[in-house]
Amino acid sequence: MAEIEALPFPFAFKPEAMALVVIDMQRDFAEPGGFGASLGNDVSRITAIVPTVKRLLEGFRAAGLPVIHTMECHKADFSDLPPAKRNRGNPSIRIGDIGPMGRVLIVGEPGTAILDELAPLPGEIVIEKPGKGAFYATSFGDDLKRLGAQQLVFAGVTTEVCVQTTMREANDRGYECLLAEDATESYFPEFKTAALAMIRAQGAIVGWTATTDQVLEGISNA
Ligand code: C5J
């Protein structure tokens, strides 16, 4: 059995059952004028991981392993946006308001798009999700079953919100989850550190963590 060197112990890797899930690498979280910046966050932390996420994506594509992208976004009529979410956080612009990149986190708007450098290729699954977790109100679970995926490598943003929520949802559904620790980021370094520690605590209670180099090395040795 191939292994990926990981924490808290090596990850036994089944190449035929592995997929990469890239969470919410959207302009609204990574660029000035977007949703993340409207909440007062330093978005340069997010853009800094783009080359690493790209390397991971390219490694999966080169190995012929499936890639799934998610986008946090809502319908233009707000039918999937609870007022409790829209009104949260006291941002300078709320979800659905018109900002410098169009309506914030609304399907089809320029700011909602995945960053150009990480854009999905034709045939890659893109999940538009109204929640923080990718399973809620989407086809994600059915897509994973159709792909025959049992092991998921995660990348993207933000570590302690949409990435961790989706990992926990996947873990509860029986998937073995590994977070690429240098291909994920938070606006709050201390939250990222804590999320990584929580995930791998108590014998991988939510999953494993490894660097992008370790994941790619495991894939190339398999
Ligand atoms: C947030 C996300 N942080 N993608 N979304 O609101 O983590």
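Read on for an overview of the structure. (Residues numbered from 1 in each chain as written. Predicted model: local features only at pLDDT ≥ 70, side-chain atom pairs only at ≥ 80, totals over all residues. Heavy atoms only, no water.)

## Details of the overall build of the protein
- When helices and strands are tallied, the protein shows 9 helices and 10 strands.
- Relative to its length of 222 residues, the protein is compact, with a C-alpha radius of gyration of 17 Å against a globular reference of 17 Å.
- With respect to the three principal axes, the spread of C-alpha positions in the protein is 50 × 35 × 30 Å.
- For the protein, buried positions account for 51% of its 222 residues.
- Contacts spanning at least 24 positions in sequence make up 72% of the contacts within the protein whose residues lie at least 6 apart.
- Side chains of the protein give 20 positive and 29 negative charges; the mean places of these two sets differ by 5 Å. (Helix = DSSP H or I, 4+ residues; strand = E, 2+ residues; numbered from the N terminus. Rg over C-alpha atoms; globule rule 2.2 N^0.38 Å. Buried < 20%, exposed > 50% of the residue type's maximum accessible area, 1.4 Å probe, protein only. Contact = heavy atoms within 4.5 Å. Lys, Arg positive; Asp, Glu negative; His and termini not counted. Charge placed at Lys NZ, Arg CZ, Asp CG, Glu CD.)

## Here we look at the site of the ligand
- Inspection of the region around the ligand gives D24, F29, E72, K132, V157, T158, V161 and C162 as its neighbouring residues.
- A distance of 2.9 Å is found between a nitrogen atom of the ligand and a side-chain nitrogen or oxygen belonging to E72.
- The separation between an oxygen atom of the ligand and a polar side-chain atom of K132 is 2.9 Å.
- A total of 230 Å² of accessible area belongs to the ligand in isolation, and the protein chains cover 91% of it.
- The pocket occupied by the ligand, as judged from atoms lying within 2 Å of grid points, is the largest pocket.
- Looking at side-chain class alone, the shell around the ligand contains 4 nonpolar, 1 polar and 3 charged residues. (Near = heavy atom within 4 Å. Polar contact = N/O pair within 3.5 Å; in protein donor to acceptor, adjacent residues only side chain to side chain. Areas by Shrake-Rupley, 256 points an atom, 1.4 Å probe, with all protein chains shown as cover. 1 Å grid on protein atoms, 1.4 Å probe; cavity = no way out; pocket = protein on both sides within 12 Å on 5 of 7 lines; lining within 4 Å. Sits in = over half its atoms within 2 Å of the grid points. Nonpolar A, V, L, I, M, F, W, Y, C, P; charged D, E, K, R; others polar.)

## Brief notes about the pattern of salt bridges
- A full pass over the atoms with the stated rule returns 13 salt bridges.
- Across the pair R45 and E185 runs a salt bridge whose closest N-O atoms are separated by 2.9 Å. Within this pair, whereas R45 is found in helix α3 (residues 44–47), its partner E185 is found in strand β9 (residues 176–185), the two being separated by 140 residues in sequence.
- For R45, a relative accessible area of 25% gives the class partly exposed.
- Taken together, the shared-partner salt bridges connect R45, E185 and K192 into one network. (Salt bridge = Lys/Arg side-chain N within 4 Å of Asp/Glu carboxyl O.)

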